[in-house]
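Listed below are the residues making up each chain.
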Amino acid sequence: MVGSDLVLIPGAGGVGRTVLDQLRAQDVPVRVMVRSDDDRAAEVRALGADVVLGDLTRPESVAAALEGVGRMYFAMPVSPDHLLAATVVATVAREYGELTALIGMSQLTVSQMTVTSTAESRQQRLHWLAEQVLNWSGLPVVHIRPTSFLDNPLFTTLAAHSIRENGTIALPFGTGRTSPVAVDDVARVVATVLRDPAPHIGQVYELTGPRSVDMTQVAEEYSRALGVPCPMWIYRWTGGGLRCSQRLACRHTPNSTSPPWPDCTARTATTARPPTSNA
């Protein structure tokens, strides 16, 4: 099927906004569905994108937004309506759309889940179920599964606040490991697939940073960047909220010549470009 080049992106923020910037930089036609005609919508129009009001959980507005669209990026903020939205999009696209590609934003945890697994969160289960719906739809689907975002406030504003206030970092990973990925790099993968989706249909792309680190290593990198010792409290999530598990002290010496922790960014096989680095 030869379809339209028009791309539909829901929302004017997050990864979608960065995808929009990258597509418009290459003159790819984009339509953005927003819930309200506010300042962010005006910014999107200024980039040359078409703007429509709509709601991913309302079939009539999804049908209107899909008119003339050939490719769609499906994503939404953390919401109990995630599965509903995926079902609406798949149902409407099957009946009214002419999509040659539907790129769905999921989570890396889905790769470890099964139909009966119980260790995941409710939101992660919704992502798993949404993937099943998109697969069952028979639409030309590509799944994007990033790990946690390096741009998340946990690693940026919240960490800056706790370091400034009491010299500690509170991260809800316990003794586990993570490999955060930069929003820019995830968006670059999505934009690459949207520009030329045919080779990617049916694929699942797991996007991670260049290496997995535990919280001691994370603390050491803050220490290296700041040039000061960085004690750290590790927190685990319990039913009653965050609870302190143990305290770790950075082992890094400020004058060390060891290389800094690379900015955790996406794998580059899809985009054939090196990952971004904040080092």
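Reference entry: report on the structure contained in this document.

Cut-offs used in this document
Residues numbered from 1 in each chain as written. Predicted model: local features only at pLDDT ≥ 70, side-chain atom pairs only at ≥ 80, totals over all residues. Heavy atoms only, no water. Helix = DSSP H or I, 4+ residues; strand = E, 2+ residues; numbered from the N terminus. Buried < 20%, exposed > 50% of the residue type's maximum accessible area, 1.4 Å probe, protein only. Areas by Shrake-Rupley, 256 points an atom, 1.4 Å probe, with all protein chains shown as cover. Pairing = 2+ DSSP bridges. Contact = heavy atoms within 4.5 Å. Expected span 1.5 Å × (residues − 1). Right-handed = clockwise from strand over helix to strand, strands pointing away. 1 Å grid on protein atoms, 1.4 Å probe; cavity = no way out; pocket = protein on both sides within 12 Å on 5 of 7 lines; lining within 4 Å. Points joined across faces, edges and corners; volume = space filled by probe spheres on them. Nonpolar A, V, L, I, M, F, W, Y, C, P; charged D, E, K, R; others polar. Axes fitted to C-alpha atoms, helices over the stretch in contact; angles between N-to-C directions. Parallel < 35°, antiparallel > 145°, perpendicular 65-115°, else oblique. Left-handed = near helix turned anticlockwise from the far one by under 90°.

## Observations concerning the overall build of the protein
Thinking step 1. Within the protein, the secondary structure is distributed over eight helices and twelve strands.
Thinking step 2. Within the protein, the proportion of its 279 residues that are buried is 48%.
Thinking step 3. Carbon and sulfur atoms form 53% of the exposed surface of the protein, whose accessible area is close to 13800 Å².

## Here's the deal with the pairing of strand β9 (residues 204-207)
Thinking step 1. Every second residue of β9 is oriented toward a common face, the buried set being Y205 and L207 and the non-buried set V204 and E206.
Thinking step 2. Pairing analysis gives four bridges linking strand β6 (residues 141-146) to β9, with the strands arranged parallel. Paired with P146 across the strands is L207, a residue of β9.

## Side note on the environment of S36
Thinking step 1. Positionally, S36 belongs in the loop between β2 (30-34) and α2 (39-46).
Thinking step 2. The spatial distance from the C-alpha of S36 to the C-alpha of G54 is 8.2 Å, given a sequence separation of 18 residues.
Thinking step 3. With sequence-adjacent residues up to four places away left out, S36 is seen in contact with A41 and L53.

## A word on helix α7 (residues 183-195)
Thinking step 1. Here α7 spans 18 Å end to end across 13 residues, near enough to the 18 Å set by a 1.5 Å rise per residue.
Thinking step 2. Counting buried positions over the 13 residues of α7 gives eleven, a clear majority of the element.
Thinking step 3. Among all positions in α7, only V183, D185, V186, A187, R188, V189, V190, A191, T192, V193 and L194 are buried.
Thinking step 4. As for α7, its buried residues are in contact with β1 (7-10), α1 (14-25), β4 (71-74), β5 (101-105), β6 and β9.

## Quick word on the environment of P29
Thinking step 1. Within the element layout of this structure, P29 appears in the loop between α1 and β2.
Thinking step 2. Apart from the residues lying within four places of it in its own chain, the contact partners of P29 are D5, L6, V7 and R24.

## What about the pairing of β5?
Thinking step 1. With respect to burial, β5 is a largely interior element, five of its five residues being buried.
Thinking step 2. By the alternation rule, side chains of β5 split into A101, I103 and M105 and L102 and G104, which are all buried.
Thinking step 3. Sheet analysis places β4 next to β5, joined by four bridges and oriented parallel. Within the sheet, the bridge partner assigned to R71 lies in β5 and is A101.
Thinking step 4. Crossover β4 to β5 through helix α4 (residues 82-95) is right-handed.

## Focus: the layout of surface pockets
Thinking step 1. Estimates place the volume of the largest pocket at around 1500 Å³.
Thinking step 2. Put simply, the parts of the chain that give the lining of the largest pocket at least two residues each are α1, β2, α5 (122-136) and β8 (177-178).
Thinking step 3. Split by residue class, the lining of the largest pocket holds 22 nonpolar, 20 polar and seven charged.

## Notes on empty space enclosed by the protein
Thinking step 1. In total, this model carries one cavity of 30 Å³ or more according to the counting rule given.
Thinking step 2. Empty space within the largest cavity amounts to approximately 50 Å³.
Thinking step 3. Together, F74, H82, G104, M105, S106, H127, A130, E131, L134 and H143 line the largest cavity.
Thinking step 4. Taken together, the elements giving at least two residues each to the lining of the largest cavity come down to β5 and α5.
Thinking step 5. A per-class count over the lining of the largest cavity returns four nonpolar, five polar and one charged.

## Describing the packing of α4 against α5
Thinking step 1. As a packed pair, α4 and α5 sit with axes 8 Å apart at the nearest point and diverge in direction by 10°. Comparing their axes, α5 and α4 come out roughly parallel. Both α4 and α5 take part in a crossing whose hand is right-handed. On α5, the residues touching H82, L83, A86, T87 and A90 of α4 are Q123, L126, H127, L129, A130, V133 and L134.
Thinking step 2. Residue classes in the contact of α4 with α5 are distributed as eight nonpolar, four polar and no charged.

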